[in-house]
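What the coordinates show
Chain by chain, the residues run as shown.
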Amino acid sequence: MEFKIKRKSIKTVTTGSLVDVYPHDLQMYKIPPTDNISLQEFETLALERLTLLRCLATATTLKGLRIFSEEWTDFVISDLKNQGLKYYAKLCEKSGCGTLQADLEARRKDHIAHFILRLAYCRTEELRRWFISRELELFKMRFMTMKTDAIDSFFKINNLCYTNISDDEKNELIKYLRESTFYHNNQNLENFKFYKVKFYEVLDLVKSRKVYLRGGYAYIPHKDFISVLSAQFRMLLRQSLAVACHHLGEIEQDERLVSLLKGLHQSYSGNDFISDTKVTVPIESLDSLSAKSFPLCMKQLHEHLRSAHHLKHGGRLQYGLYLKGIGVTLEDSLRFWREEFTKIMELDKFEKQYAYNIRYNYGKEGSKKNYTPFNCLKIINTNVGPGECHGCPYRHCDSGILKNKLKGYGLDTQAVNDVVDMAKKGHYQIACSKYFDAVHKTDLGLGINHPNQFFEESQKLLKSDIKIEVKKEEKSNIIKTESNNIEEMDFDEITEWKE
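Residues numbered from 1 in each chain as written. Predicted model: local features only at pLDDT ≥ 70, side-chain atom pairs only at ≥ 80, totals over all residues. Heavy atoms only, no water.

**Details of the overall build of the protein chain**
Counting secondary structure elements, the protein chain contains 25 helices and 3 strands. In the protein chain, which comprises 499 residues, the proportion classed as buried is 42%. The long-range fraction of contacts in the protein chain, counting pairs at least 24 apart against all pairs at least 6 apart in sequence, stands at 67%. Per element, the accessible surface of the protein chain, about 27700 Å² overall, is 51% carbon and sulfur. (Helix = DSSP H or I, 4+ residues; strand = E, 2+ residues; numbered from the N terminus. Buried < 20%, exposed > 50% of the residue type's maximum accessible area, 1.4 Å probe, protein only. Contact = heavy atoms within 4.5 Å. Areas by Shrake-Rupley, 256 points an atom, 1.4 Å probe, with all protein chains shown as cover.)

**What to know about the pattern of salt bridges**
Summed over all chains, the structure comprises 25 salt bridges. Across the pair arginine 108 and aspartate 35 runs a salt bridge, and its minimum N-O distance is 3.1 Å. Here aspartate 35 lies in the loop between helix 1 (2-21) and helix 2 (39-62) and arginine 108 lies in helix 5 (residues 101-121), a separation of 73 residues in the sequence. Residue arginine 108 is classed as buried on the basis of its relative accessible area, which comes to 10%. Between arginine 134 and glutamate 137 there is a salt bridge, with its nearest N and O atoms 2.7 Å apart. With a gap of 3 residues between them, arginine 134 and glutamate 137 both fall in helix 6 (residues 125-144), about one helical turn apart. The same class applies to arginine 134 as to glutamate 137, namely buried. Taken together, the shared-partner salt bridges connect Asp35, Glu41, Glu105 and Arg108 into one network. (Salt bridge = Lys/Arg side-chain N within 4 Å of Asp/Glu carboxyl O.)

**Some details on the packing of helix 4 (residues 86-93) against helix 5**
Two elements in contact, helix 4 and helix 5, have axes separated by 10 Å at closest approach and are oriented at 95°. By the angle between their axes, helix 4 is roughly perpendicular relative to helix 5. Two secondary-structure elements touch here, helix 4 through Tyr87, Tyr88, Lys90 and Leu91 and helix 5 through Asp103, Ala106, Lys109, Asp110 and Ala113. (Axes fitted to C-alpha atoms, helices over the stretch in contact; angles between N-to-C directions. Parallel < 35°, antiparallel > 145°, perpendicular 65-115°, else oblique.)

**Some points on the sheet that holds strand 1 (residues 194-198)**
The strand order 1-3-2 describes an open sheet built from 3 strands, whose pairing is antiparallel. If you trace the sheet from one side to the other, it starts and ends with strand 1 and strand 2 (212-214), each paired once. Each strand of the sheet is rotated relative to its neighbour by a mean of 30°, with strand direction disregarded. Alignment of strand 1 against strand 3 (residues 217-221), held across 5 bridges, turns out to be antiparallel. When the sheet's bridge partners are listed, lysine 198 is paired in strand 3 with tyrosine 217. Sheet contacts for helix 8 (residues 167-180): strand 1, strand 2 and strand 3; angle to strand 2, the most-contacted strand, approximately 130°. (Pairing = 2+ DSSP bridges.)

**Quick word on a nonpolar patch on the surface**
Taken together, the side chains of Phe199, Tyr200, Leu203 and Leu213 define a hydrophobic patch exposed on the protein surface, amounting to about 410 Å² of accessible area. According to the relative accessible area criterion, phenylalanine 199 is partly exposed, its value standing at 37%. (Patch = residues over 30% accessible without salt bridge, like charges linked within 9 Å, V, L, I, M, F, W, Y side chains within 5 Å.)

**Points about the state of the cysteines**
As used here, a disulfide is simply a covalent bond connecting the sulfur atoms of two cysteines. Counting across every chain of the model gives 0 disulfides. Here cysteine 55 is not cross-linked by a disulfide; its sulfur's nearest cysteine counterpart is in cysteine 92, at 8.4 Å. A relative accessible area of 3% means that cysteine 55 is categorised as buried. Left without a disulfide partner, cysteine 392 is nearest to the cysteine sulfur of cysteine 297, which lies 6.6 Å away. (Disulfide = S-S within 2.5 Å.)

**A word on helix 10 (residues 226-246)**
End to end, helix 10 covers 30 Å across 21 residues, agreeing with the expected 30 Å (1.5 Å per residue, within 8%). Listed as buried for helix 10 are Ile226, Ser227, Val228, Leu229, Ser230, Phe233, Leu237, Ser240, Leu241 and Ala244. (Expected span 1.5 Å × (residues − 1).)

**Topic: the packing of aromatic side chains**
As enumerated under the stated definition, the model contains 31 aromatic pairs in all. Judged by centre distance (6.4 Å) and plane angle (65°), the rings of phenylalanine 294 and tyrosine 319 are edge-to-face. Taken together, the residues phenylalanine 294 in the loop between helix 13 (286-292) and helix 14 (296-308) and tyrosine 319 in helix 15 (residues 313-326) connect sequence positions 25 residues apart. Phenylalanine 294 sits in the buried class, given a relative accessible area of 0%. Site record: aromatic cluster; members linked through ring pairs are Phe294, Tyr319, Tyr322, Phe336, Trp337, Phe341, Phe350, Tyr354 and Phe455. Of note, lysine 299 hangs over the ring of tyrosine 409, and the distance from its end group to the ring centre comes to 3.8 Å. (Phe/Tyr/Trp six-rings, centres within 6.5 Å; stacked < 30°, edge-to-face > 60°. Lys NZ or Arg CZ within 6 Å of the ring centre and 35° of its normal.)

**Thoughts on unusual backbone geometry**
Phi is positive for tyrosine 29, which is not a glycine, with a value near 55°. Position of tyrosine 29 relative to the elements: it lies in the loop between helix 1 and helix 2. According to the relative accessible area criterion, tyrosine 29 is buried, its value standing at 5%.

**Side note on helix 7 (residues 148-157)**
Turning to helix 7, its buried residues number three or more, namely Ala150, Ile151, Phe154 and Phe155. Around the axis of helix 7, the buried residues are gathered within 140° of arc, so they sit on the same side. Facing away from the buried side of helix 7 by more than 90 degrees, the exposed set consists of Asp149 and Lys156. At the C-terminal side of helix 7, asparagine 159 shows a positive phi close to 55°. (Arc of directions from axis to C-beta.)

**Focus: the pairing of strand 3**
With 4 of its 5 residues buried, strand 3 lies for the most part within the structure. Two elements, strand 2 and strand 3, share 3 bridges in a ladder whose sense is antiparallel. Within strand 3, the residue paired with arginine 214 across the bridge is tyrosine 217.

**Section: the environment of serine 95**
Tracing the chain through its elements places serine 95 in the loop between helix 4 and helix 5. Taking the C-alpha atoms as reference, serine 95 lies 7.7 Å from histidine 24; in sequence the two are 71 residues apart. With residues near it in sequence (within four places) discarded, serine 95 still touches Asp25, Arg142, Thr145, Met146 and Ala150. Within the structure, serine 95 has its side chain in polar contact with the backbone oxygen of leucine 91 (distance 2.9 Å). (Polar contact = N/O pair within 3.5 Å; in protein donor to acceptor, adjacent residues only side chain to side chain.)

**Considerations on the environment of glycine 387**
Mapping glycine 387 onto the fold places it in the loop between helix 19 (376-380) and helix 20 (393-396). Taking relative accessible area as the criterion, glycine 387 reaches 65% and is therefore assigned exposed. C-alpha of glycine 387 to C-alpha of lysine 312: the two residues are 75 residues apart in sequence and 8.6 Å apart in space.

Laid out in structure tokens, this is it:
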């Protein structure tokens, strides 16, 4: 009885406080959160926010979509939904002042996660620059989806003393506003709210001639008011990151947070690709699969194993877990490694020195943990010593060697240059994505974050191609059969068949 009463009381208080603390979907993040959260929620919120920001980066950098365009926004929202981040998708789709419990909880997560990432990205100038750029993109996108009443509420909540011009003044200037607000030409400007601000507050709009200037003031529509706010938001965020960096030593006295915050920018936030027992890949098909469906890092490991019949520990671990992730069973894996290694060593040596580690990877020895395949970030940041062939070829290979290797696989010159150029610039995952497109002769521009993702996406494409070819063959057989039948028909039967 007491437990039920206590739960009810806590729920009421929490809801009320969330309404007061988070009255609007869009926040300026001026006040840090004061909630008590578990370490697990801390990590979950951090990774979800990181996934959101990486999604924004992918839309611009990898997909090449024009930032804030309709296609760009649609891709971001769709990707968030696919990643299971529906609450972020809702916040990005249409920001407002709803009071539903789901809305309040989404704002709470958004608020806490933002401040967690501040702690992770305040360490270096490079990290700060990336974080500010992504958060600014997110802030702008969410502001641009707001309706007029939500914008008015945002101004009021954040004490922004900006008022829109009167209808009389707008009617007087409507001709000039229509000419200057060029991308709203096909819309009804009479329904737009315009704000009158000092021209130096929107120099980016003045520079690109997107506003009407008069008497030292710029007249901007409500959708462009983000230019004023973004300058304030950027300045606030830069100052806050400097303060966070200054106090980082105090925060990291808690040992539970040190490793998480230091390595968060390198954390993988996607699918773990734990082996699915329903999908089994026979080892006899690995040679054919490696031709197209293996990423370059795994393809070179497979080829080295086939030629040298041996891999060092790093290579065995990286490739062995990858094979586990695509669906190679423990029994087949043992047989695969045994057949290769025993070409240069005795069976007894293999069983004593190598078989244990293979069973260990599958959770059958030692701590019996179900180990997952390495993701791209882990592979990129691994150390590769002399004589080793694991790691990421886009990072760990000399550009000349990489170029010759790609040419040897039959890639055309332009594709080779595109891949190598991205690798030289440090965009290793984009280089992998371009390699995927070149091998499959497509232009998907996938965001490759995991070698097993490369394999899965490749198999989807190849299987769809097989289905198309089968359908074409079936259709051809039908036409041939019908043609043969037509030859045996008389005139009346042919007329009836055509009808």
